[in-house]
Protein chains: 2
Amino acid sequence: MNEQSGIKPYVIGLDLGGTNSVFGIVDARGDIKATTAIKTGGYDKVEDYVKASVDALQPIIEQVGGIEKIKAMGIGAPNANYYSGTIEFAPNLPWAHDGIVPLGKMFSDALGIPVAMTNDANAAAIGEMVYGVARGMKNFIVITLGTGVGSGIVVNGQLLYGHDGFAGELGHVTMVRGAEGRSCGCGRTGCLEAYCSATGVARTARELLSKTDRPSILREMNPEDITSLDVSIAAGKGDELAKEIYEFTGKMLGEACADFAAFSSPEAFIFFGGMVKAGDLIMEPIKKAYNEHVLKIFQNKAQFLVSGLDGASAAVLGASAIGWEV
Amino acid sequence: MNEQSGIKPYVIGLDLGGTNSVFGIVDARGDIKATTAIKTGGYDKVEDYVKASVDALQPIIEQVGGIEKIKAMGIGAPNANYYSGTIEFAPNLPWAHDGIVPLGKMFSDALGIPVAMTNDANAAAIGEMVYGVARGMKNFIVITLGTGVGSGIVVNGQLLYGHDGFAGELGHVTMVRGAEGRSCGCGRTGCLEAYCSATGVARTARELLSKTDRPSILREMNPEDITSLDVSIAAGKGDELAKEIYEFTGKMLGEACADFAAFSSPEAFIFFGGMVKAGDLIMEPIKKAYNEHVLKIFQNKAQFLVSGLDGASAAVLGASAIGWEV
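Just so it is clear, the structure is predicted and the values come from calculations on it, not from any experiment. (Residues numbered from 1 in each chain as written. Chains lettered and ligands numbered in written order. Predicted model: local features only at pLDDT ≥ 70, side-chain atom pairs only at ≥ 80, totals over all residues. Heavy atoms only, no water.)

## Side note on the pattern of salt bridges
Then, in step 1: Inspection of the entire model under this criterion finds 26 salt bridges over all chains.
Then, in step 2: A salt bridge links A:D109 to A:K105; the shortest N-O distance between them is 2.8 Å. Remark: A:K105 and A:D109 occur in helix 3 (residues 103-111); sequence separation between them is 4 residues, near one turn of the helix.
Then, in step 3: Using a relative accessible area of 55% as the deciding quantity, one classes A:K105 as exposed.
Then, in step 4: Between B:R177 and A:D259 there is a salt bridge, with its nearest N and O atoms 2.9 Å apart. (Salt bridge = Lys/Arg side-chain N within 4 Å of Asp/Glu carboxyl O. Helix = DSSP H or I, 4+ residues; strand = E, 2+ residues; numbered from the N terminus. Buried < 20%, exposed > 50% of the residue type's maximum accessible area, 1.4 Å probe, protein only.)

Pasting the structure below:
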């Protein structure tokens, strides 16, 4: 680290997810010195979201010695534009659903430090490359399975940003074409995210429960209350219907990865997020479907890995890494 | 150019397509000094293909002053591995259908010069970047519509090769999932190539003619003899069925490009190959379907361009550009 970062030894990393916004103050070695969090969705206006964030940050900033110790802030957020520092038409954010929000500038004005931002999944990919299972890899794809499905694509050791900064929206490739495709938060139908996000998995559960009368411990719940975690717990207990839900989800992810291989031929697919805690229940169907559907030249080449980092930390570290580059 | 290329002022470019193999001897400014061609498919064994190639090359090599004037050879070929100089499991090449063929080394041994190779579509992308409509662009995708459907993907000004050299096989993303997908030359079903290659277009024509009794001048032909060129000519004469075939083809390409945008967010999609001579008949349905299906953040951003270079020359020039880098 240079002299300046010696004077300002910390960056703030913000993992801005559809549900939670997790902040961490990180030093140059990647140690997280302090964290705080707020709910992402509890605000209609972005001004209120930024104010609540700054209020939450204040005590942990003081804890490390004040804002003069902070070099910059890095944000990983859905639909974030790396080039312009804006969030654009993010379907899962009530305060950035219908327009272009200059979140980077707003945080910079509020905190008085430079702010850089990227896609939350891109931040996770940087986290994996610097601290996780992608160390030493130059071509890999991180797929985040959370409220939505996101992706961070690394080619030749660099994040793929594309012409406008929005590359890597693999949650919105179309998996089911035509009228039978599920509606997606993006306003279209049939997206990977509509099936393989945590909410997609819960939806699959409700569909299977209502369309069949097969037994399942999930029937003990109010269908509207079922989450992907409930499905995971039920599957862990051997519930056949719950296992089938993960097989369906994994099969679709594996088929999607087969198409992604035809695009960038990665060394590894790395899965990230709460849903991967289901382990082999989800990973085995992914690998099986991938090898069944992928072009012959790619069969049995790519690794399928689970993020080795704690979910929140990896994303915060990834976001903070963007901050060092400001 | 350095002193050595002053002594050896030419490279050989080979555009190895599913139907024709076109050779050009190219100077450092991109002028094609001499050309020759053979049929690609007329040989069961790769040894015979290489021998026929060298026989065809001999007169044009003499024409420029002999092999000592040639620095290297660059090959653009389907399923070519940039890293190893091999062609692997190329569905449209009878002498490379089932295995790994070290074509680079074979040409190098036969001619006594270094040989480099890449995907034929990657070669076309380099041709467009150096001499064509992609000059100055850093993020674009070339889609070649020929015997097959190929692609060359440029990100950050570099060709995307991926971990094993095989990235950019966009003709083999799955567009129609499940049992109703058309069989593809790659051994799988539902690939973009099975619908949008020249042979895919002819197949669409045969299907529409046999499934309906709608009038069309294509009915004057033996269905098995119909080619995409016939469909193009019929559409140009106002034949409604032929126009519908192009609309179907363009719609599928546009939907595929919508998925590709979610991957690499290119500045432009550039279409290349005989089929794009149909002009607006194919390009308008592509653009329409793209904007209807693409994620909101990408709508009306990307350009849809037709290659400005003569088809054979662009591919030969692209292949030759690989030769200079040996």
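We are not done yet, so read on.
## Here's the deal with the nonpolar core
Then, in step 1: The biggest cluster of nonpolar side chains holds 114 residues, and the ones touching the most others in it are A:F260, A:F269, A:F271, B:F260, B:F269 and B:F271.
Then, in step 2: Leave out the neighbours within four places in its chain, and B:F260 touches A:F263, B:I141, B:I143, B:L170, B:V173, B:L192, B:S265, B:P266 and B:F269.
Then, in step 3: Within the second largest apolar cluster, 37 residues are counted, among which are A:I25, A:V64, A:A80 and A:M117. (Core = buried A, V, L, I, M, F, W, Y, C linked by side-chain atoms within 4.5 Å. Contact = heavy atoms within 4.5 Å.)

## Details of unusual backbone geometry
Residues and elements named next belong to chain B.
Then, in step 1: A positive phi angle, near 55°, is found at N79, a position not held by glycine.
Then, in step 2: When you line up the elements, N79 lands in the loop between strand 4 (70-77) and strand 5 (80-81).
Then, in step 3: The buried category is assigned to N79, whose relative accessible area is 8%.
Then, in step 4: One non-glycine residue, S265, lies in the positive phi region at around 40°.
Then, in step 5: Looking at the element boundaries, S265 is found in the loop between helix 8 (240-264) and strand 12 (268-272).

## Some points on the environment of B:L103
Residues and elements named next belong to chain B.
Then, in step 1: Relative to the elements of secondary structure, L103 occurs in helix 3 (residues 103-111).
Then, in step 2: Given a relative accessible area of 0%, L103 falls into the buried group.
Then, in step 3: C-alpha separation for the pair L103 and V50, spaced 53 residues apart in sequence, amounts to 8.1 Å.
Then, in step 4: Other than its neighbours up to four places away in sequence, L103 contacts L16, V46, Y49, V50, I75, G85, T86, I87, W95 and M117.

## Overview of the relation of the copies chain A and chain B
Then, in step 1: Aligned on chain B, chain A shows an RMSD of 0.0 Å; the corresponding rotation is 180° and the shift along the axis is 0.0 Å. When the rotation and shift are considered jointly, the pair of chain copies conforms to a two-fold rotation axis.
Then, in step 2: A shared interface surface links the copies, since 100% of the contact residues of chain A are contact residues in chain B too. (Least-squares fit on C-alpha atoms with pLDDT ≥ 70 in both.)

Function cannot be inferred from these measures alone, as they are strictly geometric.
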